[in-house]
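Overview (structure and organization)
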Amino acid sequence: MDIRELQAYATLFATIILAVVLYWYIVYLYRSEKKGEKDYEKLGDIALDDEIHSKPINTSDPLPEKKERNK
Amino acid sequence: MQSNAALEYDYTVAKLFTYTTIVFGLVGMLIGTLIAAQMAFPELNYLLGEYGTFSRLRPLHTNVVIYGFMLSGIWATGYYFMQRVLKVSMAESKLAMFLGKFHFVVYLVIATGMVVSLFMGITTTKEYAQMEWPLDILVVVVWVTWGLWMFTLIGIRREKALYISVWYYIATFLGVAMLYLFNNMEVPTYFASGGVGAITHSVSMYAGTNDAMVQWWWGHNAVAFVFTVPIVGMIYYFLPKESGQAVYSYKLSLLSFWGLMFVYLWAGGHHLLWSTVPDWVQTMASIFSVILILPSWGSAINMLLTMKGEWNQLTENPIIKFLILASTFYMLSTLEGPIQAVKSVNAIAHFTDWIPGHVHDGVLGWVAFMVFSGLYHMAPRIFKREIYSKSLIEAQFWIQTTAVVLYFTSMWIAGITQGMMWRAVDEYGNLMYSFIDTVTVLHPYYAIRALAGVLFMIGLVMFAYNMIMTMAASKKLTEEPQFRSPMA
């Protein structure tokens, strides 16, 4: 097996691993929001409420009351 | 970091980059229009002796629009919105302010050096990496300074969550840093040879096919990390802010981000299809180019859906028109690119005018439109005046949209005609056409492209005039607008 063949196999395996990680990330995002552990959508408000004295949003954790509701 | 009630965002550096965006836009696109006209009317090559030939001006055009206009626009908008989404002012950190200003000064030195050296014909001849080694070293200084500024600001931020646009700007910084270093590994021949030849001259450290692969790994990722990644970052901030609508799906923006990062780096080999690079590299580049449609369209569709229920703004606000058409051109361009990267299509498309056609529906329709809309949105906030003329923006929009459509349609026809004529054989297998036959056939399309260049340039002059009048003569604002930008 020469270096070119090795490179090709390395690329193939890297691709497969990265694809699996990417799909796992998709599942993680949607599952954590469904379980009420995260609320990614509220991060979208960072662009809208961007005054220097506005209250920071800070985290993708949902509001405490929403957490309660989802239990 | 200090805290006081009168604290405001500091737009000093954003303003400086706004000025260079306008100046480099005018210079770069004027040269572009001239060389488009030279393709149709070759006698225009002899206006300025050696300094006016197509071969001298073409790299000047690409470098000035990419590293002058586009990078200035990316930095003008970056120095504006990064403060806002991180909720921290540059005025709060002397280091951030110093880095920002130092960044601008070194950038201006490089940009001036780039224009002068390329005019003089000093070039490495590597596409989109033509600057010679002394300037290359300064580019590293400027890039590192920008990165330090960005991470300084991130380090003192109040908003702990990094908005998606910041992710895209960080990716721009890291992606270009890595690619740039590898592609610009070069040997200054004067020093290597003990004093022979020009001091500015260098040769690449790679040879032959390896050099080509590294070159296009960089070349295509210059498209990725300069034409695409920061521009997507811009639209994720400016469209929601101008429309008052939060991004349709933040999760989709995260997925598209990682998808784009994962896929884009592998696609550069599609510039070398049917060449001496290994087959598997070509096939991989083709496949990844096609997959690239998914993250690209993910972002673009996310932007269109952000306007859900608010489409009336499209008729009322010309900045929204620019933003929406920009994301539409992004979709067109990111569908067209993968089509060209399919090996059988590439056999016809490669080396033809379809390629610059594809590039320009992306850079004019997507990148330039985003830069215009970003700066229009910023103008009332950084100059504290309303935009000078709404009707000028409307007119600019329609003139430039016509220009882009004329550009890419003429180049589609020209490119496919060219590709088909080059390959056409008679019943005995002899080539049917000589090169000059194709030139004759293509003349009308080259003339249409030159007209498109003139129209786009007219729109750009309107933009520059509107911006200058906004800075100098427009009505002062007492309060910063929250969403929609005020215009007369």
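Residues numbered from 1 in each chain as written. Chains lettered and ligands numbered in written order. Predicted model: local features only at pLDDT ≥ 70, side-chain atom pairs only at ≥ 80, totals over all residues.

1. A word on the overall build of chain B
The helix and strand tally for chain B stands at 16 helices and two strands. Computed over its C-alpha atoms, the radius of gyration of chain B comes to 23 Å, within 12% of the 23 Å expected for a compact globule of 488 residues. Taking the principal axes of its C-alpha atoms as reference, chain B extends roughly 80 × 60 × 45 Å. Residues counted as buried form 51% of the 488 residues belonging to chain B. Counted over contacts in chain B with a minimum sequence separation of 6, partners at least 24 positions apart contribute 81%. (Helix = DSSP H or I, 4+ residues; strand = E, 2+ residues; numbered from the N terminus. Rg over C-alpha atoms; globule rule 2.2 N^0.38 Å. Buried ≥ 20, exposed ≤ 12 C-beta atoms within 10 Å, placed from the backbone. Contact = placed C-beta atoms within 7 Å.)

2. Some points on the overall build of chain A
A tally of helices and strands in chain A yields three helices and zero strands. Listing every helix and strand of chain A by position from the N terminus yields α-α-α. In chain A, buried positions account for 10% of the 71 residues.

3. Quick look at helix α1 (residues 3–34) of chain A
All names here are of chain A. Look at α1: 46 Å from first C-alpha to last across 32 residues, which is about the 46 Å you get at 1.5 Å a residue. Of all 32 residues making up α1, only zero are buried, and the element is barely covered by its neighbours. Once α1 ends, the next one or two residues include Gly36, with phi positive near 85°. (Expected span 1.5 Å × (residues − 1).)

4. Digging into the interface of chain A and chain B
Every contact between the two is made by 25 residues of chain A and, on the other side, 28 residues of chain B. Those elements that provide at least two residues to the side of chain A that touches chain B are α1 and α2 (45–48) of chain A. Ranked by residue count, the leading element in the side of chain A that touches chain B is α1 of chain A, at nine residues. Tallied by class, the residues present in the side of chain A that touches chain B amount to 15 nonpolar, six polar and four charged. (Nonpolar A, V, L, I, M, F, W, Y, C, P; charged D, E, K, R; others polar.)

5. Description of helix α10 (residues 293–306) of chain B
All names here are of chain B. Helix length check: α10, at 14 residues, gives a terminal C-alpha distance of 20 Å against a target of 20 Å (1.5 Å per residue), a fit within 8%. Here α10 has its buried residues at Pro295, Ser296, Ser299, Ala300, Asn302, Met303 and Thr306. Projected onto a plane normal to the axis of α10, the buried residues spread over an arc of 150° and lie on a single side. The inward-facing, buried residues of α10 contact α7 (208–243), α8 (250–264) and α12 (318–341). (Arc of directions from axis to C-beta.)

6. A closer look at the confidence of the model for chain B
Residues with a pLDDT of 70 or more make up 99% of chain B, whose mean pLDDT is 95. Scored by ipTM, the complex comes to 0.88, with pTM at 0.94. (pLDDT = per-residue confidence, 0-100.)

7. Topic: the packing of helix α2 (residues 54–86) of chain B against helix α5 (residues 164–183) of chain B
All names here are of chain B. At their nearest, the axes of α2 and α5 sit 10 Å apart, and the two run at 135° to each other. When the axis of α2 is compared with that of α5, the two are oblique. For the element pair α2 and α5, the recorded crossing hand is left-handed. In this structure, α2 contributes Gly78, Phe81, Met82 and Val85 to the contact, and α5 contributes Ser165, Val166 and Tyr169. Here the residues of the contact of α2 with α5 sort into five nonpolar, two polar and no charged. (Axes fitted to C-alpha atoms, helices over the stretch in contact; angles between N-to-C directions. Parallel < 35°, antiparallel > 145°, perpendicular 65-115°, else oblique. Left-handed = near helix turned anticlockwise from the far one by under 90°.)

8. Remarks on the confidence of the model for chain A
Parts of the model with low pLDDT should not have their predicted coordinates read in detail. Per-residue confidence for chain A gives a mean pLDDT of 84; residues scoring 70 or more make up 87%. Confidence, read as mean pLDDT per element, is least for helix α3 (residues 64–70) of chain A in chain A (52) and greatest for α2 of chain A (95).

9. Observations regarding the environment of Lys94 of chain B
Residue and element names in this part refer to chain B. You can see Lys94 is positioned in helix α3 (residues 94–119). Overall, Lys94 belongs to the exposed group, with 9 C-beta atoms counted inside 10 Å. Considering only alpha carbons, one finds Lys94 and Val196, 102 residues apart in sequence, at a separation of 46 Å.

10. Some words on the packing of α2 of chain B against α3 of chain B
Residue and element names in this part refer to chain B. Axis separation between α2 and α3 bottoms out at 10 Å; the angle between their running directions is 170°. By the angle between their axes, α2 is roughly antiparallel relative to α3. For the pair α2 and α3, contact is made by Pro59, Leu60, Asn63, Val64, Tyr67, Gly68 and Tyr79 and by Gly100, Ala111, Met114, Val115, Leu118 and Phe119, respectively.

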